[in-house]
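Each chain, letter by letter, is given below.
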Amino acid sequence: MTTDSSNAAKPRAASGQAMWGGRFSDKPAELMQAINVSISFDRRLASQDLEGSRAHAAMLQNTGVISSEDAAAIQKGLGAIGEEISAGVFPFREEFEDIHMNVEARLHELIGPAAGRLHTARSRNDQVALDFRMWVREACDRTHVQIRALQKALLAKAEPHATTLMPGFTHLQPAQPVTFGHHLMAYVEMFGRDASRFADARVRMNESPLGAAALAGSPFPIDRHQTAKALGFDRPAANSLDAVADRDFALESLAAASITSIHLSRLAEEIVIWMTPQFGFVTLTDAFTTGSSIMPQKKNPDAAELVRAKAGRLLGSFTQLAVVMKGLPLTYSKDMQEDKVPTFEAFDALELSLRAMAGMVTDLEPNRDRMGAAAGAGFSTATDLADWLVRQLGLPFREAHHITGAAVKRAEQIGCDLPDLPLAELQVLEPRITHDVYKVLTPQASVASRMSYGGTAPDQVRVQIQRWKEILA
Ligand code: ARG
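### A look at the overall build of the protein chain
So, point 1. Scanning the protein chain from N- to C-terminus turns up 19 helices and six strands.
So, point 2. A compact globule built from 473 residues would reach a C-alpha radius of gyration of about 23 Å, whereas the protein chain, at 31 Å, exceeds it by more than 25%.
So, point 3. On the principal axes, the C-alpha backbone points of the protein chain span a range of 105 × 50 × 40 Å.
So, point 4. Counting over 473 residues, the protein chain shows a buried share of 49%.
So, point 5. Of the contacts made within the protein chain by residues no fewer than 6 positions apart, 74% connect residues no fewer than 24 positions apart.
So, point 6. As displayed, the protein chain has an accessible area near 21,900 Å², and 55% of this comes from carbon and sulfur atoms.
So, point 7. Across the protein chain, the mean location of the 49 positive side-chain charges is 1 Å away from that of the 56 negative side-chain charges.

### Some remarks on the nonpolar core
So, point 1. Among the nonpolar cores identified, the biggest contains 86 residues, and Leu-150, Leu-154, Ile-271 and Met-357 are the most heavily contacted of them.
So, point 2. By residue number, the principal contributor to this core is helix H11 (residues 248-275), which donates 13 residues.
So, point 3. Leaving out residues up to four positions away in the same chain, Met-357 has contacts with Leu-150, Leu-264, Leu-267, Ala-268, Ile-271 and Val-307.
So, point 4. Core analysis: the second largest hydrophobic core is formed by 22 residues, Trp-388, Val-408, Ala-411 and Leu-421 among them.

### Description of the side chain of Arg-93
So, point 1. If you trace the backbone, Arg-93 turns up in the loop between helix H5 (68-86) and helix H6 (99-111).
So, point 2. You can call Arg-93 buried: its relative accessible area is 19%.

### Description of the site of the ligand
So, point 1. Around the ligand sit Ser-38, Asp-42, Asp-98, His-100, Arg-124, Asn-125, Val-128, Tyr-332, Gln-337 and Lys-340, and that is every residue in its neighbourhood.
So, point 2. One of the side-chain nitrogen or oxygen atoms of Asn-125 is found 2.9 Å away from a nitrogen atom of the ligand.
So, point 3. Separating an oxygen atom of the ligand from a side-chain N or O atom of Lys-340 is a distance of 2.5 Å.
So, point 4. Relative to its unbound accessible area of 340 Å², the ligand is 87% covered by the protein chains.
So, point 5. Counting residues per element, the shell around the ligand draws most heavily on helix H7 (residues 124-158), at three residues.
So, point 6. Class assignment for the residues of the shell around the ligand results in two nonpolar, four polar and four charged.

### What about H7?
So, point 1. Between its terminal C-alpha atoms H7 stretches 50 Å, which fits the 51 Å expected from 35 residues at 1.5 Å a residue.
So, point 2. The buried count for H7 comes to 25 of 35 residues, which makes it a mostly enclosed element.
So, point 3. Measuring from the side-chain oxygen of the N-cap residue of H7 to the backbone nitrogen of Asn-125 gives 2.8 Å; that N-cap residue is Ser-123.

About the criteria used
- Residues numbered from 1 in each chain as written.
- Predicted model: local features only at pLDDT ≥ 70, side-chain atom pairs only at ≥ 80, totals over all residues.
- Heavy atoms only, no water.
- Helix = DSSP H or I, 4+ residues; strand = E, 2+ residues; numbered from the N terminus.
- Rg over C-alpha atoms; globule rule 2.2 N^0.38 Å.
- Buried < 20%, exposed > 50% of the residue type's maximum accessible area, 1.4 Å probe, protein only.
- Contact = heavy atoms within 4.5 Å.
- Areas by Shrake-Rupley, 256 points an atom, 1.4 Å probe, with all protein chains shown as cover.
- Lys, Arg positive; Asp, Glu negative; His and termini not counted.
- Charge placed at Lys NZ, Arg CZ, Asp CG, Glu CD.
- Core = buried A, V, L, I, M, F, W, Y, C linked by side-chain atoms within 4.5 Å.
- Near = heavy atom within 4 Å.
- Polar contact = N/O pair within 3.5 Å; in protein donor to acceptor, adjacent residues only side chain to side chain.
- Nonpolar A, V, L, I, M, F, W, Y, C, P; charged D, E, K, R; others polar.
- Expected span 1.5 Å × (residues − 1).

Don't take any of this as a statement about function, it's just geometry.
Written as structure tokens, this is what we have:
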């Protein structure tokens, strides 16, 4: 390519040569370009890039590093670029490699040589660390809001079902009766911890890398506290090397996102199971189901299945970034450009999953009859019988457990459930058993008896619903 000194401050095609091409006499190979270019994905950082640049320019002006005239021109140009971006007319160009150089090149086209002063005391290393950190911060905030919305949907569904019986499972075998409200509230707790993980991550992430420059800081009299404050950070990052090299804010957020997606996938799986005709515990309307192109009778819980599957994407994203970062020497390496795609994809998938799950939770209706019948089946009140033997007859629990096991076996032989086993049969096993025992053998009684803090008794469930209502208000 020709060298022409008058081009020094102009944006130039062929990988933004004007930005870093001073010592180069040839342009990069096409393949170099192809592997290097990131504008196709880091264009999603456009608004953060502009915000960061505006704060940086204002600080350069305040500290006298650039003149007020240049600063004004830069602000005006960045404002115009912001409008182009919102209007969808900003020219994102591959030849300028990434979002940072695209913005700077466009700024040059709009305001001329003053554009070249914006990058004083800054490097793309602290610039991208800043932009990406702000993007992740916003994503965490959005996610927090969406988790809260899902919790509200769960709460709204739990409240009318604080007494609705369902079987509680262990090993997916009927264990003890619980209430549907109690079951849903278990997820409110899980998502509550998820929300707090995002809030925690935000606190740690909220330090500004801007002003770390390439890696070592800047010889200009910059004010990193000013830019940190202007951009909503608690403080500037205290070590310039760490500031440009760290991506643990993204990893931590992806870890929180992965755990959230695991919780979502468990609820999704339960919906899939509950929706089967064999269970028939809940129905989803046509809004959240699909049909089959060949089997007319089908009503498939595709949304739940997809939420279940998105966990794969989320966990994959965490792994992707963890492997990119593992073993990287300080400070910046181009490997780190690969931080964005997994993070963007993870949050896209998570946000969609959270919204779809909130929609399904609101949509689903439990089938009280099916759930109630299932709650009493499978000898689900066997523990209640054993507890009665302990409380009323003073038997050691192990002995009570043994007698109850024998009662279950007898009921199985006769082909009845525990509440229907004749007293005479029970008395064969333990003669002191009285008719009083039947009071504890219904699923309603079983559930009502579990009054321990956090237990499934409707009164306890209501206490927790009230507590969460206040938290989420
Ligand atoms: N596009 C780059 C990234 O996403 C920006 C930083 C480039 N820095 C550099 N030293 N080449 O990481």
